[in-house]
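Residue-level listing of the chains:
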Amino acid sequence: MAFTALLLVGLHVAGCSDGESELVDAAPPEDNYRMVVDAYAPVIYGNANGDNRIDHLDVDYVKGVIEGINELTELSDANYDGKIDEADILQIKWIISGTQTELTLQDMDGRPVTRSRNQ
Ligand SMILES: [Ca+2]
Ligand SMILES: [Ca+2]
């Protein structure tokens, strides 16, 4: 990941140094970097809306799932107990504040792995 990011920075510098950038039609380097970051972002249960951030929007999203307004997503089950309820909202709030005791995320093969805080 670090190598890819460095490569993108290198391309950006090379594109600007001659004044006539040949990368004009390509996506801006910031967007490329964002794509790289997103591709390597860990998949964490609690990122209910799937935007690679865990914040208050996920709390709102899970509330919507419970109320039947939002589509159920796999990552809405923040505590990975197979049901979506208030405990998932609590877990997301704990993740946001950094006080969660357990965190479930997907490994590189997409398998859920639950880690306790002390691991
Ligand atoms: Ca999110
Ligand atoms: Ca749950």
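It should be noted that the structure appears before, not after, this text.
Cut-offs used in this document
- Residues numbered from 1 in each chain as written.
- Chains lettered and ligands numbered in written order.
- Predicted model: local features only at pLDDT ≥ 70, side-chain atom pairs only at ≥ 80, totals over all residues.
- Helix = DSSP H or I, 4+ residues; strand = E, 2+ residues; numbered from the N terminus.
- Buried ≥ 20, exposed ≤ 12 C-beta atoms within 10 Å, placed from the backbone.
- Contact = placed C-beta atoms within 7 Å.
- Pairing = 2+ DSSP bridges.

Some thoughts on the overall build of the protein
Looking only at helices and strands, the protein has four helices and two strands in total. Secondary structure of the protein in N-to-C order comes out as α-α-α-α-β-β. For the protein, buried positions account for 20% of its 119 residues. When contacts within the protein are restricted to residue pairs at least 6 apart in sequence, those whose partners lie at least 24 apart make up 43%.

Let's talk about the pairing of strand S1 (residues 102-106)
The pairing of S1 with strand S2 (residues 112-116) spans five bridges and is antiparallel. The residue bridging glutamate 102 from the neighbouring strand is serine 116, located in S2. Taken together, S1 and the strand that follows it, S2, pair antiparallel across an intervening segment of five residues, in which glycine 110 is found at a positive phi of about 80°.

Observations concerning unusual backbone geometry
Note: most peptide bonds trans; most residues except glycine with negative phi. The phi dihedral of asparagine 52 falls on the positive side, at around 70°, and the residue is not glycine. Along the polypeptide, asparagine 52 turns up in the loop between helix H2 (29-40) and helix H3 (56-66). One non-glycine residue, tyrosine 80, adopts positive backbone phi at about 50°. With respect to the element layout, tyrosine 80 can be found in the loop between H3 and helix H4 (86-97). Overall, tyrosine 80 belongs to the partly exposed group, with 18 C-beta atoms counted inside 10 Å.

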